[in-house]
Every structure is written in structure tokens, then in C-alpha cells.
Amino acid sequence: MPGRILIVDDVATNRIVMKVKLAAARYDVVPAISGEEALHIAREGGIDLIIMDMRMPGLSGAQTTERLRADPATADIPVILVTASDEIDARMAGLSAGADDFLTKPVDEIALLARVRSLLRAREEEREYESRAEGLIGFSESAEQVAGFAEAGQASFAVGAEGKIALVAGSEAAWLLRQRESLRPLFREEVAIMTRDAALAIAHQDAPDLFVIDADCAGRNEGLRLMSELRSRPATRHAAFVVVLPAGETERAANALDLGAADVVYRPFPCDEIAMRLRTQLARKRRADRMRDTLETGLRLAVIDPLTGLHNRRYGLHHLDRVAARCRAQGIRAGVILMDVDHFKQVNDTHGHPAGDRVLSKVAQVLKDSLRGEDLVARIGGEEFLAILPDAGLDQVRAVAERLRTAIAALRIPLDGGGELGVTMSLGVTMLEDRPDAAPHALASVDRALYAAKDGGRNRLNLAAGAA
């Protein structure tokens with residue numbers, strides 16, 4: 001996992017030592033001697049992670065971090081601060097400013113590389129969501145449908161929103177009770193004690209936002225195994241995990257981070273510090289949740305027509321290409337039906353566009369309800385619909401088309417001023433042929449068949465020439 005890391009320290013020896021450790025792991029290292037220089041370099045872009053000394057002349061590490069977080073151009077860059085082991089107040093100030101993690105002098109190489117891998121991995125996941133969202137804007141027929149993704153992904157979450165924190169340990173009930181009672185006043189989230197078996201039995205609706213797991217909850221490393229199991233399950237895979245270890249267990253901390261822990265804390269720890277760390281992980285987890293939700297919404301909007309709830313033109317044509325390829329590969333048949341609501345312009349002109357929208361919505365629902373689960377119907381134009389019927393012969397496709405025509409003709413749409421409105425539909429029918437251009441050829445054929453049905457008096461279906 002390559003990355004470009006900014007090292008900020010006013011002491012040249014410290015910068016050199018850190019650079020050697022990171023360069024050996026093939027990271028690209030950029031040095032800076034002050035907080036002011038770090039801010040300038042970060043704003044220029046291309047920095048994946050910042051490792052910064054807490055005590056520096058001018059801007060301290062905490063002050064620099066606060067400025068990084070306040071600037072949209074640098075707000076998402078992970079920051080690790082380096083402190084002396086006894087600088088509890090400094091660590092609290094750094095966490096309050098938005099630092100993601102801390103390393104203690106002298107910096108242990110195993111701990112350093114594990115923290116770097118963990119934060120870069122999390123940052124890469126965020127970038128992947130952002131990249132997929134940008135791709136949606138290109139795929140969507142309306143960029144405005146998904147343009148809100150960036151703002152949603154960058155939105156911050158109010159710390160202390162409703163949720164649940166689960167404390168998981170072994171037989172040390174007294175320790176768990178002390179931690180729960182210490183943390184409860186500091187969070188609006190529910191702070192609960194949970195057994196290993198209860199954690200494994202969690203359903204989606206009961207899943208905690210964050211687990212604090214003792215690494216040795218039911219035997220040495222059982223907590224790490226529990227975390228791995230929870231991260232593989234649908235209900236808990238997106239939870240945040242903080243692992244608790246005895247002081248000085250650097251190698252096991254590195255293992256925990258590589259297995260997917262968001263953070264590692266050592267006993268004994270000040271309650272205020274772990275509370276701040278948990279808030280950081282809760283905020284990160286909720287930001288990731290929001291990005292996933294908005295991505296899923298963007299995916300849906302990119303392929304769904306918002307008025308009718310059917311798939312849109314772009315998806316419908318893409319699906320037709322896929323079905324045509326499958327037909328050629330497997331030697332099966334598929335039907336294509338193109339439909340157009342008759343005299344739809346008169347509906348809008350006479351009754352208004354709201355009535356026209358209601359007609360399209362009702363027609364779409366009838367079409368969807370009248371087809372099989374494996375069939376697809378898409379709205380590909382103003383009042384034009386396309387149905388694709390895989391694994392169907394001509395007689396079956398023609399019978400389905402006639403059923404759709406009859407169902408639409410029987411439809412009655414209530415009007416706002418009273419009364420009802422009836423509509424009819426003309427349909428063209430064809431079959432996908434075994435040829436390289438099967439999809440565009442079918443579209444051209446079925447389009448001619450549709451307009452022949454309209455020319456023939458409307459409210460009828462017409463079979464494309466050569467469809468048999």
C-alpha cells in the first residue's frame with residue numbers, strides 16, 4: 001500500500017530517523033520543519049498521511065492539526081502526533097484538535113508501520129467511495145441526482161448521536177463495570193457490557209456502532225479472533241473496533257491493527273483519553289456509514305427513473321446488451337417489447353402535467369406487476385417503455401404483450417377535479433437474433449413495429465418483420 005507521508009519535526013535527527021523507517025517500507029517521505037510549512041505542503045495536495053511532533057516552535061502539533069481540520073482541502077488527511085510518554089495533557093489536546101492517533105517517543109518501528117498501514121487503508125477506502133461516486137455522476141442521466149454525494153460524504157457527524165458502544169471482556173466483571181460507569185456520563189450512546197456469545201449472536205438492528213474488546217477476553221488472543229469473526233459478518237462488519245491490550249505489547253497491537261482494529265489502547269488508560277479516542281472512532285464510523293448510504297442512493301438514482309420507479313433508459317439499454325450476449329453464449333431466446341402511451345401529449349395539454357405524471361406512474365406499475373421477476377421493464381423516453389423478456393419464445397412474448405395492452409386499456413386513473421381518465425398503449429414486438437449487433441438491431445426492428453402499430457390505429461401490437 002504505497003503512500004506519500006509528510007514528516008513534520010523541527011529536529012533534523014528525528015526527521016531522518018523517521019524517514020529511514022518509512023522509506024524502508026517503500027513509502028514516499030516528504031519532510032517539513034514546522035507547522036507552517038506542513039500546512040503549505042498539505043494544501044498543495046498529494047499527501048496521504050502526516051506524522052508530526054507535538055512540541056514544535058511556533059505552531060504546535062495540536063494547533064497545526066486544528067488548522068488542517070478547518071481547511072476543506074486538508075480536513076481528511078490522517079494525522080499521527082508524536083509525544084513523550086508522560087504528556088497526557090498534550091495527547092488530550094491533540095485528540096481534541098482532531099488527531100487520529102499518537103506514537104510515543106522513542107517511536108517503535110513495529111507500532112509505527114502498523115499505525116501507518118491502518119490509517120492509509122482507511123483513507124483508501126474513503127477515496128474508493130469518492131471515486132465510485134464520481135463515476136456515478138458520469139453514468140447518471142441527471143448529474144443532479146447524485147451531485148449531493150460529495151457534500152454528504154464530507155458532512156461531519158454530531159458527536160454523541162444515538163448509538164451503542166459494546167464492552168467485551170472475559171471474566172473481569174469488575175473491570176468492565178468500572179469502565180462502563182466511567183464512560184456512561186461521557187456519551188449519549190448506550191454503553192453496554194456484552195459477552196462473546198452475545199456479540200456473535202447480534203442481528204443487524206441490534207449491532208453496536210463500536211466494540212471495545214479485551215484482546216484476551218476468553219483466553220489469549222480470543223478477543224482478536226472475536227474481532228475477525230465479527231468483521232466477517234454482515235451485521236457487524238461495518239462496526240468500529242478498539243482493542244485493549246496490556247501495556248507494552250507492541251507486536252500484538254500491530255497484529256490487531258492489521259486485522260482491522262481502528263485503534264488500540266493499553267491498560268491502564270485515563271478515562272478521558274479513551275473517551276476521546278472512542279469519539280474519534282464513532283465520528284469516523286458514522287462518516288463511513290453516511291458515505292455508504294449516499295453511494296447506495298447514488299447507485300439507485302443513477303439507474304432508476306425517479307417518476308415511475310422503473311429502470312431508466314441507460315440501464316435498460318445496458319441490460320439489453322447483457323441479455324443479447326447471454327443469448328448468443330447460451331443459445332437461448334429473448335423477446336423485446338417497445339411500448340408507447342397513445343395520445344399522451346393530449347393528456348398533458350387537456351389535464352395538465354400532474355395528471356400526465358400520474359398516468360405514467362400508474363402505467364409503469366401495471367407493467368411491472370404484469371411481468372415475471374426475471375423480466376425487466378424500463379422507461380426509455382417520455383411516455384415510452386421497453387420490456388426485455390429473457391428465456392421466452394415468440395408466442396410467449398406476443399401473449400405477454402397482448403396482456404400488457406389489455407391491462408393498460410382497462411386502467412382508470414382518477415383526476416384531481418373528479419372523474420377518471422383512460423389511456424391505451426401501442427406495442428412493437430421482436431426477438432433478439434443470433435448476430436453480433438443483436439441489441440441495436442432489435443431496437444431498430446421493434447421501433448419500426450411500434451410505429452406501424454400506431455399507424456395502424458393505435459391500441460394494438462405489431463410484430464416486427466422477421467421476428468418469427
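Note that this is a predicted model, so its numbers are computed, not measured.

**Notes on the environment of M92**
Working step 1: You can see M92 is positioned in helix α4 (residues 88–97).
Working step 2: Here the alpha-carbon distance between M92 and L6, two residues 86 residues apart in the chain, equals 22 Å.
Working step 3: Look past the residues within four positions of M92 in its chain and what remains in contact with it is D272, E273 and M276.

**Notes on helix α10 (residues 222–231)**
Working step 1: Those residues of α10 that fall on the buried side of the exposure criterion are G223, L224, L226, M227 and L230. Axial view of α10: buried residues confined to an arc of 160 degrees, hence all on one face.
Working step 2: In this fold, the buried residues of α10 make contact with β6 (164–168), α9 (196–200), β8 (210–214), β9 (240–246) and α11 (250–259).

**Details of the sheet that holds β6**
Working step 1: Overall, parallel pairing links the five strands, which are arranged β7-β6-β8-β9-β10 in an open sheet. The sheet terminates laterally at β7 (190–194) and β10 (263–267), the two strands that pair on one side only. Geometrically, the sheet is characterised by an average inter-axis angle of 20 degrees between neighbouring strands, direction not taken into account.
Working step 2: Pairing between β8 and β9: five bridges, direction parallel. Across the sheet, L210 pairs through a bridge with A240, a residue of β9.
Working step 3: α10 rests against β6, β8 and β9 of the sheet, and its axis sits at about 155 degrees to β8.

**Here we look at the packing of helix α14 (residues 344–351) against helix α15 (residues 353–369)**
To characterise two packed helices, one gives the angle between the axes of the helices and the distance between these axes.
Working step 1: Packing of α14 against α15 leaves a shortest axis separation of 6 Å and a crossing angle of 140 degrees. The pairing of α14 with α15 is recorded here as oblique in orientation. Contact residues: α14 offers F344, V347, N348 and H351, while α15 offers H353, A355, G356, V359 and L360.
Working step 2: Here the contact of α14 with α15 is composed, by residue class, of five nonpolar, four polar and no charged.

**Structural notes on the packing of aromatic side chains**
Working step 1: Summed over all chains, the structure comprises one aromatic pair.
Working step 2: Ring plane angle 5 degrees and centroid distance 5.2 Å describe the contact between F211 and F241, whose orientation is recorded as stacked. Highlighted residues: F211 in strand β8 and F241 in strand β9, separated in sequence by 30 residues. Neither residue differs from the other here; F211 and F241 are each classed as buried.
Working step 3: Sitting above the plane of the F187 ring, R279 keeps its charged end 5.0 Å from the centroid.

**Examining the environment of N221**
Working step 1: With respect to the element layout, N221 can be found in the loop between β8 and α10.
Working step 2: Take N221: its relative accessible area is 22%, and that puts it in the partly exposed class.
Working step 3: C-alpha of N221 to C-alpha of R252: the two residues are 31 residues apart in sequence and 8.7 Å apart in space.
Working step 4: The residues touching N221, leaving out its near neighbours within four places in the chain, are A215, D216 and R252.

**Section: the sheet that holds strand β12 (residues 376–379)**
Two strands in a sheet stick together by hydrogen bonds in their backbones, pointing the same way (parallel) or opposite ways (antiparallel).
Working step 1: Pairing in this open sheet of five strands is mixed, and the strands run β12-β13-β11-β16-β17 from one edge to the other. Each having just a single partner strand, β12 and β17 (461–463) make up the two edges of the open sheet. The mean angle between the axes of side-by-side strands here comes to 20 degrees, regardless of whether they run parallel or antiparallel.
Working step 2: Those strands touched by helix α16 (residues 394–409) are β11 (334–341), β13 (384–390), β16 (425–431) and β17, and its axis lies near 170 degrees from that of β16.
Working step 3: On the sheet, helix α17 (residues 438–455) packs against β11, β13, β16 and β17 and is oriented at approximately 145 degrees with respect to β16.

**Side note on the confidence of the model for the protein chain**
Working step 1: Confidence in the prediction for the protein chain averages 87 pLDDT; 90% of positions are at 70 or higher.
Working step 2: Segment residues 141–161: pLDDT under 50, and 38 contacts once partners within four positions in sequence are set aside and those in other chains are kept.

**Examining the nonpolar core**
Working step 1: Counting 35 residues, the largest nonpolar core has I337, M339, V363, L367, F385 and M425 as its most contacted members.
Working step 2: Contributions of two or more residues to this core are made by β11, α14, α15, β13, α16 and β16.
Working step 3: Element by element, the count of residues in this core is highest for α15, at seven residues.
Working step 4: Once residues within four sequence positions are removed from consideration, L367 is found in contact with M339, V377, F385, L404, I408 and M425.

**Quick word on the pattern of salt bridges**
Working step 1: Scanning all chains against the criterion turns up 38 salt bridges.
Working step 2: We note a salt bridge from R286 to E189, for which the minimum N-O separation is 2.8 Å. Linking R286 in helix α12 (residues 271–303) with E189 in the loop between α8 (173–183) and β7, this pair joins segments that are 97 residues apart in sequence. Here the two residues R286 and E189 agree in accessibility, since each one is buried.
Working step 3: We note a salt bridge from E229 to R233, for which the minimum N-O separation is 3.0 Å.

How each quantity is defined
- Residues numbered from 1 in each chain as written.
- Predicted model: local features only at pLDDT ≥ 70, side-chain atom pairs only at ≥ 80, totals over all residues.
- Heavy atoms only, no water.
- Helix = DSSP H or I, 4+ residues; strand = E, 2+ residues; numbered from the N terminus.
- Contact = heavy atoms within 4.5 Å.
- Buried < 20%, exposed > 50% of the residue type's maximum accessible area, 1.4 Å probe, protein only.
- Arc of directions from axis to C-beta.
- Pairing = 2+ DSSP bridges.
- Axes fitted to C-alpha atoms, helices over the stretch in contact; angles between N-to-C directions.
- Parallel < 35°, antiparallel > 145°, perpendicular 65-115°, else oblique.
- Nonpolar A, V, L, I, M, F, W, Y, C, P; charged D, E, K, R; others polar.
- Phe/Tyr/Trp six-rings, centres within 6.5 Å; stacked < 30°, edge-to-face > 60°.
- Lys NZ or Arg CZ within 6 Å of the ring centre and 35° of its normal.
- pLDDT = per-residue confidence, 0-100.
- Core = buried A, V, L, I, M, F, W, Y, C linked by side-chain atoms within 4.5 Å.
- Salt bridge = Lys/Arg side-chain N within 4 Å of Asp/Glu carboxyl O.

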